[in-house]
Amino acid sequence: MPLDRPSAATVSVHHAQRYDSRMVRQVIEGLSSTPRTLPTQYLYDAKGSELFERITHLPEYYLTRTEMSIFDDHLDDMAAAMGSDVWLIELGSGAGTKTLRLLQAMREPAGYTPIEISKAALDASLDAIQTEMPGLDVQAVCGDFTHDLNLPETPGSRRVVFFPGSTIGNLGADASRALLRRLARWVGPGGGLLIGVDLIKSPDLLVPAYDDAAGITAAFNLNLLDRLNREAGADFDRQLWEHRAVWNKREARMESYLVSTRDQEVHLAGRRFAFSAGEAVWTEQSQKYSLASLMALAQDFSLREHWTDDRSWCAMAYLEVSGLRVDKEQG
């Protein structure tokens, strides 16, 4: 007697998880290097960005409110230094709170180009700008400013880049130098750069700013492991890692690490990475500057004016491009 057969076959399809191949490659490269690193840019997923926003309001984190105090005290001076008929280009525009105030203080701004990798953040800042300044010509770019981008044409207008927040401090010296050279090409001879930097100060102030008592910065750093598990297929156990912040006096920078609390193994894309107890993986740096060290990187620019807070913790500097050096670079 024949076996009963189902009227229709039941098929189970198992879809393999697709991981970000670029992320996987960068993580493998970082964990195979000496010292071991993890890519800083992946700290800022949705949760990481939310945690960083909380960090900016912590009592230990002086940078955001200090730079805002400089802005409050010297906004008109900054606008005057930039001049009239300027097309403003902002790197990492985010919410655009400072930018709106700057545009409103500027003398007849020609237009505005925000550059932001997050489309959601870009859309939010555009809504605010267009609500408050409906007549302003705005041409946004959704992209990564650490790479060369196709910027909109701005005929007849001087270009000035706005780069607050000491974000440049998250880049290494070579990457910072390359970015500043690119910005000089973007704005051209006579163009400008309004940049915010965190000045060198006591580690008694610096270390707590990167290792706060509430543990928000630790959660921000550890969130990177969750993202790599989710998007790169790694199997980090975040319970076996802890955050550490270190002041590197010789290099004048704060460094953030994830430290293994015991001997362990992590797997990724068929690779095995062994970590010993106490081994540190470098996740982020935050360079601190003097005006001299900033200008050593910005070799296509000349320092025109700068402003600091009452304690000289941070600075905003307005730089202008020297046409001779940019012409040589482009030629």
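Before reading on, note that the structure itself is shown above.
Report follows, based on the coordinates. The model shown is predicted, which means the values in this text are computed figures rather than measured ones.

Using the criterion set out here, one finds twelve aromatic pairs in the structure. Measuring from centroid to centroid gives 5.8 Å for Tyr44 and Phe52, while their planes differ by 75 degrees, and the two rings are edge-to-face. We classify Phe52 as partly exposed; its relative accessible area is 27%. Both rings, one in Phe52 and one in Tyr61, keep their centres 6.2 Å apart while their planes meet at 80 degrees; by these two values the pair is edge-to-face. The buried category is assigned to Tyr61, whose relative accessible area is 8%. Among the aromatic residues, those joined into a ring-pair cluster are Tyr44, Phe52, Tyr61, Tyr62, Tyr210, Phe220 and Trp313. Over the aromatic face of Phe275 sits the side chain of Arg36, whose NZ or CZ is 4.5 Å from the ring centroid. Sitting over the ring of Trp313, Arg311 keeps its end group 3.8 Å from the ring centre.

Moving on, we come to the sheet that holds strand 10 (residues 280-287). Strand order in the open sheet formed by three strands is 6-7-10, with antiparallel pairing between adjacent strands. Each having just a single partner strand, strand 6 (241-248) and strand 10 make up the two edges of the open sheet. Across the sheet, the axes of successive neighbouring strands diverge by a mean angle of 20 degrees, strand direction being ignored. When strand 7 (residues 253-260) meets strand 10, the two strands line up antiparallel, connected through seven bridges. Note on strand 10: the bridge partner recorded for Tyr257 is Trp282. Against the sheet, helix 8 (residues 216-232) engages strand 6, strand 7 and strand 10, with an angle of about 120 degrees to strand 6.

With that settled, the discussion passes to the pattern of salt bridges. The tally for this structure, following the rule as stated, stands at 15 salt bridges. One salt bridge in this structure joins Glu67 and Lys98, with 2.2 Å as the shortest N-O distance. Placement of Glu67 in helix 3 (residues 63-82) and of Lys98 in helix 4 (residues 97-105) is noted, with a sequence separation of 31 residues between them. Judged by relative accessible area, Glu67 falls into the buried class, the value being 3%. On the basis of relative accessibility, which here comes to 14%, the residue Lys98 falls in the buried class. Here Asp198 and Lys288 are joined by a salt bridge, their closest N and O atoms 2.6 Å apart.

What counts and what doesn't
- Residues numbered from 1 in each chain as written.
- Predicted model: local features only at pLDDT ≥ 70, side-chain atom pairs only at ≥ 80, totals over all residues.
- Heavy atoms only, no water.
- Phe/Tyr/Trp six-rings, centres within 6.5 Å; stacked < 30°, edge-to-face > 60°.
- Buried < 20%, exposed > 50% of the residue type's maximum accessible area, 1.4 Å probe, protein only.
- Lys NZ or Arg CZ within 6 Å of the ring centre and 35° of its normal.
- Pairing = 2+ DSSP bridges.
- Helix = DSSP H or I, 4+ residues; strand = E, 2+ residues; numbered from the N terminus.
- Axes fitted to C-alpha atoms, helices over the stretch in contact; angles between N-to-C directions.
- Contact = heavy atoms within 4.5 Å.
- Salt bridge = Lys/Arg side-chain N within 4 Å of Asp/Glu carboxyl O.

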